[in-house]
Amino acid sequence: MSQPSTAGQETTAPETASFGATGIGQYLAELAAKAPAPGGGAVAALHAAQGAALVAMVARYTTRAKDAEHRTVVERIIDAADAARARSLALVDADAAAFTAVGAAYKLPKATDEETAARKAAITVALIEAARVPAAVVDEADEVLSLAAELLPIGNPNVVTDIGAAADAARAAATSSRLNIEINLVSLAPEDGDRFAPALVRVEGIAARAEALYGEVLRSVRA
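Residues numbered from 1 in each chain as written. Predicted model: local features only at pLDDT ≥ 70, side-chain atom pairs only at ≥ 80, totals over all residues. Heavy atoms only, no water.

A. Spatial organisation of the side chain of Asn180. Position of Asn180 relative to the elements: it lies in helix α5 (residues 160-185). On the basis of relative accessible area, Asn180 is assigned to the buried category, the value being 9%. In this structure the side chain of Asn180 is engaged in a polar contact, spanning 3.1 Å, whose partner is the backbone oxygen of Ser176. (Helix = DSSP H or I, 4+ residues; strand = E, 2+ residues; numbered from the N terminus. Buried < 20%, exposed > 50% of the residue type's maximum accessible area, 1.4 Å probe, protein only. Polar contact = N/O pair within 3.5 Å; in protein donor to acceptor, adjacent residues only side chain to side chain.)

Printed below as a string of structure tokens:
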């Protein structure tokens, strides 16, 4: 999520239903529209949701009789992946709401000292939330990647490529979120922005782990 600009675009986002209740075509139309939200932050959260869904799908294909020895682990992965998908979908909506709140804060009046102080405080609160949402997406990307790595050795080999796709989705979720965190930190005081440093550090590790897992899947396909 970047700091909003009103130049050449609509100043308010259209009212939309929760992403989970809309079709993909409608969502993509809204994404392509000349409106500030949804944007890259929502896309990052959707990457995490898709990665979680892929992990859950592979796990559900790993419930054959021959997979009985792994049943407990597989069922736990299914539950965890479904939960990560639901949280990530909620973050799609949260990102759009946070972006809209930042725009609204910048439009507050500043004719008096009191209004200027209130506007500054509102902007800070909105920017912190706008950074918090992609930081939460980083958490979900980390979870999806961990589940994918745990599933790979025991997952149904007929759908192993979907684990690689899940890893790629998790990486995209994390690296896109890094951009959305950092653009908001530019306008925050260091004492407010420092809380997001751990999330930014984790992105590099997530990207490296995702690359390694993707490579492992690719090697298994080529073997």
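B. Main features of the confidence of the model for the protein chain. A residue-level look at the protein chain finds 91% of positions with pLDDT of 70 or above and a mean pLDDT of 91. This stretch, residues 1-14, has a pLDDT under 50; its non-local contacts, to residues over four places away or in other chains, come to 32 contacts. (pLDDT = per-residue confidence, 0-100. Contact = heavy atoms within 4.5 Å.)

C. Layout of the nonpolar core. Residues Val55, Leu151, Ile163 and Ile181 are the most contacted members of the largest nonpolar core, which totals 61 residues. At the level of secondary structure, the elements contributing two or more residues to this core comprise α2 (40-60), α3 (71-106), α4 (113-151), α5 and α7 (197-222). Apart from the residues within four sequence positions on either side, Leu151 is in contact with Val55, Val58, Ala59, Ile77 and Ile163. (Core = buried A, V, L, I, M, F, W, Y, C linked by side-chain atoms within 4.5 Å.)

D. Representation of the environment of Leu188. Secondary-structure assignment places Leu188 in the loop between α5 and α6 (190-193). The exposure class of Leu188 is buried, given its relative accessible area of 10%.

E. Quick peek at the side chain of Glu140. In this structure, Glu140 sits in helix α4. Among the polar contacts made by the side chain of Glu140, one reaches the side chain of Arg87 at a distance of 2.7 Å.

F. Highlighting the packing of aromatic side chains. Per the stated rule, a full pass over the model turns up 0 aromatic pairs. The ring of Tyr214 is capped by Arg171, whose NZ or CZ atom sits 6.0 Å from the centre of that ring. (Phe/Tyr/Trp six-rings, centres within 6.5 Å; stacked < 30°, edge-to-face > 60°. Lys NZ or Arg CZ within 6 Å of the ring centre and 35° of its normal.)

G. The packing of α2 against α4, seen in detail. Closest axis-to-axis distance for the α2/α4 pair is 9 Å, and the angle between their directions is 20°. With respect to α4, the axis of α2 lies roughly parallel. As α2 runs across α4, the sense of the crossing is left-handed. Residue-level inspection shows Ala44, Ala45, Ala48, Gly51, Ala52, Val55, Val58 and Ala59 of α2 in contact with α4, the latter providing Val137, Glu140, Val144, Leu147, Ala148 and Leu151. Looking at the contact of α2 with α4 residue by residue, the class counts come to 12 nonpolar, 1 polar and 1 charged. (Axes fitted to C-alpha atoms, helices over the stretch in contact; angles between N-to-C directions. Parallel < 35°, antiparallel > 145°, perpendicular 65-115°, else oblique. Left-handed = near helix turned anticlockwise from the far one by under 90°. Nonpolar A, V, L, I, M, F, W, Y, C, P; charged D, E, K, R; others polar.)

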